[in-house]
Every structure is written in structure tokens, then in C-alpha cells.
Amino acid sequence: FGHRDREAGAPMEPDAIFRIASQTKALVSTGVMLLVEEGKLLLSDRLAKHMPEFERTTVAVPREDGGYDVVDAARPVTVRDLLTHTSGLGYGHGPAADRWQQAGLQGGYRADREEPIAETVARMADLPFDSQPGGPMVYGYSTDVLGALIERVSGQSLDEFLRERLFEPLGM
């Protein structure tokens, strides 16, 4: 029904492929919950238990003069924080935007990058977060980190894991 490209008049096909962008969040979150169900993860697990690069994270705290200070995170990031977007990890537009821009990590993960997501996520661990873990909801890279976590815990690439554990069983 309809068109896959209205301007070109191309009809919709049963096997049409679309970029789903943020809709991947639900799929990755479901993948994490499969690992929780199997006892391979706990919601209360510190992220660093599975991804040691997140053992010590920092937060950028804005100053009144427009600058910011970098302080240690008050507590570790947990799997639950990532699922609820309360990890403090944004898209690099917070107080330490200059550092995120310098690292080339502002504005979301883009498919045009050659760097594997696990390497990108590892670089994020060294940058100041937008808020304290367990604090306010911050829309950002939390689900990207969960994708890398799935890879680490399952031993599979994210695309293999999602295909085998979600798409094929659901006939997708």
C-alpha cells in the first residue's frame, strides 16, 4: 500500500528497507531484557562490571560564568540507568560540548562512520557526561552503550544478536 518514494512514484514493496533510527532503542532494550531474563545481566549491574572502561566516569557541572567543572560521577552507571536514559550520557551538547565536538561524538551515532560502535562507546567513557548517573532523563547515547553491552555480554555482534534472537524468531 502506498509508495516507498512518493516523489519518484516508486510503489511500496513487501521487502522495502527503511532506516529506523531511534526505533532501534526498543529493539536494543528488548535484547538487553533477554540477557536479563537469562541471568547474564542484572538491571542493578554496574556498567563497569561488563565494560571496565566505564569504571570511573565524570560529569560536567556548569558554572555561573558560562564555563564548567569536571567532577567524578557520584555513583556508577547501571544497566537500569541506560535503559531509562538516566545515565547522564547525552549526545554531546551539554556543558562539555567542546570536548564532545573535539572527539567527533556530537549529535548521535551516524552510519557513515568506519569506527565500530564498541570503539565509539569506549571513547565516550572518557568524556564528561551531562548529568549525574541516576539523575534526570537525558536523551542520548545510552542505547548505543546498551548495544555495545549486548555485544560484550553475548559475544556476538549486535546485528547478529538481534537477527538471531529477535528478527528471525518473530519472522521479521
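Residues numbered from 1 in each chain as written. Predicted model: local features only at pLDDT ≥ 70, side-chain atom pairs only at ≥ 80, totals over all residues. Heavy atoms only, no water.

Caption draft 1: Region of the structure containing unusual backbone geometry. Its identity is not glycine, yet H85 carries a phi of approximately 60°, on the positive side. Mapped onto the fold, H85 is located in the loop between α3 (79-83) and α4 (97-102). (Helix = DSSP H or I, 4+ residues; strand = E, 2+ residues; numbered from the N terminus.)

Caption draft 2: Molecular detail of a negative patch on the surface. A surface patch of like charges, here negative, comprises D159, E160, E164 and E168. Within the secondary structure layout, E168 lies in the segment after α7 (158-167). (Patch = residues over 30% accessible without salt bridge, like charges linked within 9 Å, V, L, I, M, F, W, Y side chains within 5 Å. Areas by Shrake-Rupley, 256 points an atom, 1.4 Å probe, with all protein chains shown as cover. Salt bridge = Lys/Arg side-chain N within 4 Å of Asp/Glu carboxyl O. Lys, Arg positive; Asp, Glu negative; His and termini not counted. Charge placed at Lys NZ, Arg CZ, Asp CG, Glu CD.)

Caption draft 3: Local environment of helix α5 (residues 117-124). Where α5 is concerned, the buried positions are I117, T120, V121 and M124. Buried residues along α5 cover an arc of 95° about the axis, so they all sit on one side. If you follow the buried residues of α5, they end up packed against α4 and α6 (142-154). (Buried < 20%, exposed > 50% of the residue type's maximum accessible area, 1.4 Å probe, protein only. Arc of directions from axis to C-beta. Contact = heavy atoms within 4.5 Å.)

Caption draft 4: Representation of the packing of aromatic side chains in the model. Within the structure shown, the criterion is met by three aromatic pairs. The interplanar angle of 80° and the centroid separation of 4.9 Å between the aromatic rings of Y91 and Y141 together place this pair among those described as edge-to-face. Pair noted here: Y91 is in the loop between α3 and α4 and Y141 is in the loop between α5 and α6, with a separation of 50 residues, a long-range link. The same class applies to Y91 as to Y141, namely buried. Ring pairing ties together the aromatic residues Y91, W100, Y139 and Y141, which thus form one cluster. (Phe/Tyr/Trp six-rings, centres within 6.5 Å; stacked < 30°, edge-to-face > 60°.)

Caption draft 5: The arrangement of the nonpolar core in detail. Grouped together as the largest cluster of nonpolar side chains are 37 residues, with contacts concentrated most on L47, M51, F54, W100 and V145. Counting only elements with at least two residues in this core, the list comes to α1 (24-37), β3 (58-62), α3, α5, α6 and α7. Setting aside its immediate chain neighbours within four residues, F54 contacts L47, A48, V121, A125, F129 and V145. (Core = buried A, V, L, I, M, F, W, Y, C linked by side-chain atoms within 4.5 Å.)

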